[in-house]
Amino acid sequence: MEEKEISQAVIGRLPRYFRYLGELKDQGVERISSQDLSSLMKVTASQIRQDFNNFGGFGQQGYGYNVEYLYNEIGRILGLDRQHNFIIIGAGNLGRALGNYLNFERRGFIFRGMFDKNPDLVGMKVRNVSVMPMEEMEEFIRRNDIDIAVLTIPKAGAVSVAERLVRTGIRAIWNFAHVDLNVPAGIQVENVHLSDSLMKLSYNILRGTESGMEPDKGNGET
């Protein structure tokens, strides 16, 4: 049977469901209705049910959702029941901050290596990982079964580094460089432009000031 195509909007909401359900599980909540989950997340109950129905529903009429089961199922859908090895390219402030973020490992994302073209940074340690020269990147990726490359380098070098990554057979790129990457089909790219988020905040602040309304606070995701 042909696999159902899931919209990117639905996929984009899954990590948020996962986060809220994890918090409920930690609080000892065993069951929750779509209405109660709606009140917590500020997403309509109808939207929640529609999203979950893409994957089989998970709930029972009048019974709600089993929190731990739903948490585990969404984690499985997101691929969090397996390990993903990643490297960081760029040992500047952002790269080091990401390398030190322990929550990645709790989600199955294992920090394996860091690379930089600056010889002054080579050998520096981020946690237990030493910064390596860029010349060693391709061989390291192949030898260590790396799934994801994180780019935290300036725009000028991002395209050429991405081309090198494509040739290694990397499966995904998490791109913080201020350029949208175009790569062959089959390689997943998530472009994260931090200044875009700030400009969105600026717009919402301005809109709230001019209208006298509360600015849009978004969904609170981090």
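Chemist: Which residues make up the sheet that holds strand 5 (residues 125-126), and what are the values?
Modeler: If you walk across this open sheet you meet the 7 strands as 5-6-4-3-7-8-9, and the pairing is mixed. The open sheet is flanked by strand 5 and strand 9 (188-191), the only strands paired with a single partner. Those strands touched by helix 8 (residues 155-168) are strand 3 (84-89), strand 7 (148-151) and strand 8 (172-175), and its axis lies near 170° from that of strand 7.

Chemist: Report on the environment of Val-166, specifying residues and quantitative values.
Modeler: Note on placement: Val-166 falls in helix 8. Along the primary structure Val-166 and Ser-197 are separated by 31 residues, whereas in three dimensions their C-alpha atoms are 27 Å apart. With residues near it in sequence (within four places) discarded, Val-166 still touches Val-183, Pro-184 and Ile-187.

Chemist: Account for the packing of helix 1 (residues 8-26) against helix 2 (residues 34-41), naming residues and giving values.
Modeler: Running from N to C, helix 1 and helix 2 cross one another at 105°; their axes reach a closest spacing of 11 Å. If you check the angle between helix 1 and helix 2, you find them roughly perpendicular. Mapping the contact onto sequence places Arg-16, Tyr-17, Tyr-20 and Leu-24 in helix 1 and Leu-37, Leu-40 and Met-41 in helix 2. The residue makeup of the contact of helix 1 with helix 2, split by class, is 6 nonpolar, no polar and 1 charged.

Chemist: Explain the nonpolar core to me, using residue names and the numbers behind them.
Modeler: As a rule of thumb, soluble globular proteins bury nonpolar side chains together. Counting 22 residues, the largest nonpolar core has Ile-87, Ile-89, Met-137, Leu-151, Leu-165 and Ile-170 as the members making the most contacts within it. Breaking this core down by element, the ones donating at least two residues are strand 3, helix 7 (137-143), strand 7 and helix 8. The residues contacting Ile-89, other than those within four sequence positions of it, are Phe-115, Met-134, Met-137, Ala-149, Val-150, Leu-151, Thr-152, Ile-153, Val-161 and Leu-165.

Chemist: Provide a residue-level description of helix 2, including the pertinent values.
Modeler: Residues Ser-34, Leu-37, Ser-38 and Met-41 constitute the buried set of helix 2. The arc that holds the buried residues of helix 2, viewed along the axis, is 105°, so those residues lie on one side. Directly beyond the C-terminal end of helix 2, a positive phi value near 60° is found at Lys-42.

Chemist: Give me the lowdown on the layout of surface pockets, citing residues and values where you can.
Modeler: The computed volume of the second largest pocket comes to approximately 260 Å³. Lining the second largest pocket we find 13 residues, and of these Asp-116, Lys-117, Ile-153, Pro-154 and Gly-157 sit closest to its centre. If one sorts the elements of the lining of the second largest pocket by residue count, helix 8 sits on top with 4 residues. Class assignment of the residues belonging to the lining of the second largest pocket gives a composition of 6 nonpolar, 4 polar and 3 charged.

Rules and cut-offs
Residues numbered from 1 in each chain as written. Predicted model: local features only at pLDDT ≥ 70, side-chain atom pairs only at ≥ 80, totals over all residues. Heavy atoms only, no water. Pairing = 2+ DSSP bridges. Helix = DSSP H or I, 4+ residues; strand = E, 2+ residues; numbered from the N terminus. Contact = heavy atoms within 4.5 Å. Axes fitted to C-alpha atoms, helices over the stretch in contact; angles between N-to-C directions. Parallel < 35°, antiparallel > 145°, perpendicular 65-115°, else oblique. Nonpolar A, V, L, I, M, F, W, Y, C, P; charged D, E, K, R; others polar. Core = buried A, V, L, I, M, F, W, Y, C linked by side-chain atoms within 4.5 Å. Buried < 20%, exposed > 50% of the residue type's maximum accessible area, 1.4 Å probe, protein only. Arc of directions from axis to C-beta. 1 Å grid on protein atoms, 1.4 Å probe; cavity = no way out; pocket = protein on both sides within 12 Å on 5 of 7 lines; lining within 4 Å. Points joined across faces, edges and corners; volume = space filled by probe spheres on them.

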